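Residue strings, one per chain:
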Amino acid sequence: MELTALFQIILVLRYRFIGGLVKLYLSLLGCKVGKGLKCYSFPKFKDIPKGNIKIGNHVAMGTGVVFEIAKSGQLRIDDHVTLGDFNRLSTTDSIQIGPWTAIAEMVSIRGSFHQIAKGTEIVKQGTDAAPIHIGRDVLIGAKSTVLGGAEIPNGVVQLVTPLYIQSHTPVL
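Residues numbered from 1 in each chain as written. Predicted model: local features only at pLDDT ≥ 70, side-chain atom pairs only at ≥ 80, totals over all residues. Heavy atoms only, no water.

## Things to note about the sheet that holds strand S7 (residues 74–77)
Taken in spatial order, the 6 strands make up an open sheet running S1-S4-S7-S10-S15-S18, and their pairing is parallel. The two strands at the open ends of the sheet, each matched to only one other strand, are strand S1 (32–33) and strand S18 (151–152). Looking at chain direction, S1 and strand S4 (residues 53–55) are connected through 2 bridges and run parallel. Directly across from Val33, in S4, lies its bridge partner Ile55. (Pairing = 2+ DSSP bridges. Helix = DSSP H or I, 4+ residues; strand = E, 2+ residues; numbered from the N terminus.)

Okay, structure coming up:
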């Protein structure tokens, strides 16, 4: 066996081991995680999950993935989804990512965001939230931002970088 092939096997085992630790962590907190989770590093959880995250089978997560899913929020990642390096998923509502979807590196998916009103300090303002639905077999290009209310239909390939997908923006 070549040395590079041996290193590849060791890396795959490492990613599956980290995925197993993430699965154990989330399962202990009441979340559902399918089989075959691969994580290149342990993701960061800005809020402690409370049964509000569901991850399907054979999901892969890159390095530096951040989950900021509030207690009132829901996250569902279906089977065979790939999350690239340094993705951030943040919501007080819901985010659903369909099966066979690939999200490139440095993508921000934000279902909630601060209100902005003249005459009121920004930290005293509330937040707005809307669900995000990303369909089946979708590709989202690097450095894109998906905002609350976005519904990305099945089969969309979006490679323009960066792209801001806002509420009710048709993406075809």
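## Some details on the nonpolar core
Counting residues in hydrophobic clusters, the biggest one holds 33 residues, and the most contacted among them are Ile55, Phe67, Ile77, Leu83, Ile97, Ile109 and Ile134. Contributions of two or more residues to this core are made by helix H1 (3–28), S4, strand S6 (66–69), S7, strand S10 (94–97) and strand S15 (132–134). Excluding its chain neighbours within four sequence positions, the residues that come into contact with Leu83 are Ala60, Met61, Gly62, Val65, Phe67, Ile77, Leu89, Ile97 and Ile103. (Core = buried A, V, L, I, M, F, W, Y, C linked by side-chain atoms within 4.5 Å. Buried < 20%, exposed > 50% of the residue type's maximum accessible area, 1.4 Å probe, protein only. Contact = heavy atoms within 4.5 Å.)

## A word on the confidence of the model for the protein chain
When pLDDT is averaged across the protein chain, the result is 90; 91% of the residues are at 70 or more. Every residue in residues 168–172 is under pLDDT 50, and counting partners more than four places away or in other chains gives 6 contacts. (pLDDT = per-residue confidence, 0-100.)

## Section: the layout of surface pockets
Estimates place the volume of the largest pocket at around 160 Å³. Around the largest pocket, the lining residues are Glu68, Ser90, Thr92, Arg110, Ser112, Phe113, His114 and Thr127. Top element by residues in the lining of the largest pocket is strand S13 (residues 112–114). It accounts for 3 residues. (1 Å grid on protein atoms, 1.4 Å probe; cavity = no way out; pocket = protein on both sides within 12 Å on 5 of 7 lines; lining within 4 Å. Points joined across faces, edges and corners; volume = space filled by probe spheres on them.)

## Thoughts on the packing of aromatic side chains
Within the structure shown, the criterion is met by 5 aromatic pairs. Relative to Tyr40, the ring of Tyr15 has its centre 3.9 Å away and its plane inclined at 35°; by these criteria the two rings are tilted. On the criterion of sequence distance, the pair formed by Tyr15 in helix H1 and Tyr40 in the loop between strand S2 (38–39) and strand S3 (44–45) is long-range, its members being 25 residues apart. Classification of Tyr15 as buried rests on a relative accessible area of 13%. Residue class for Tyr40 comes out partly exposed when judged on its relative accessible area of 31%. Taken together, a centroid distance of 5.3 Å and an interplanar angle of 20° make the contact between Phe45 and Phe67 stacked. (Phe/Tyr/Trp six-rings, centres within 6.5 Å; stacked < 30°, edge-to-face > 60°.)

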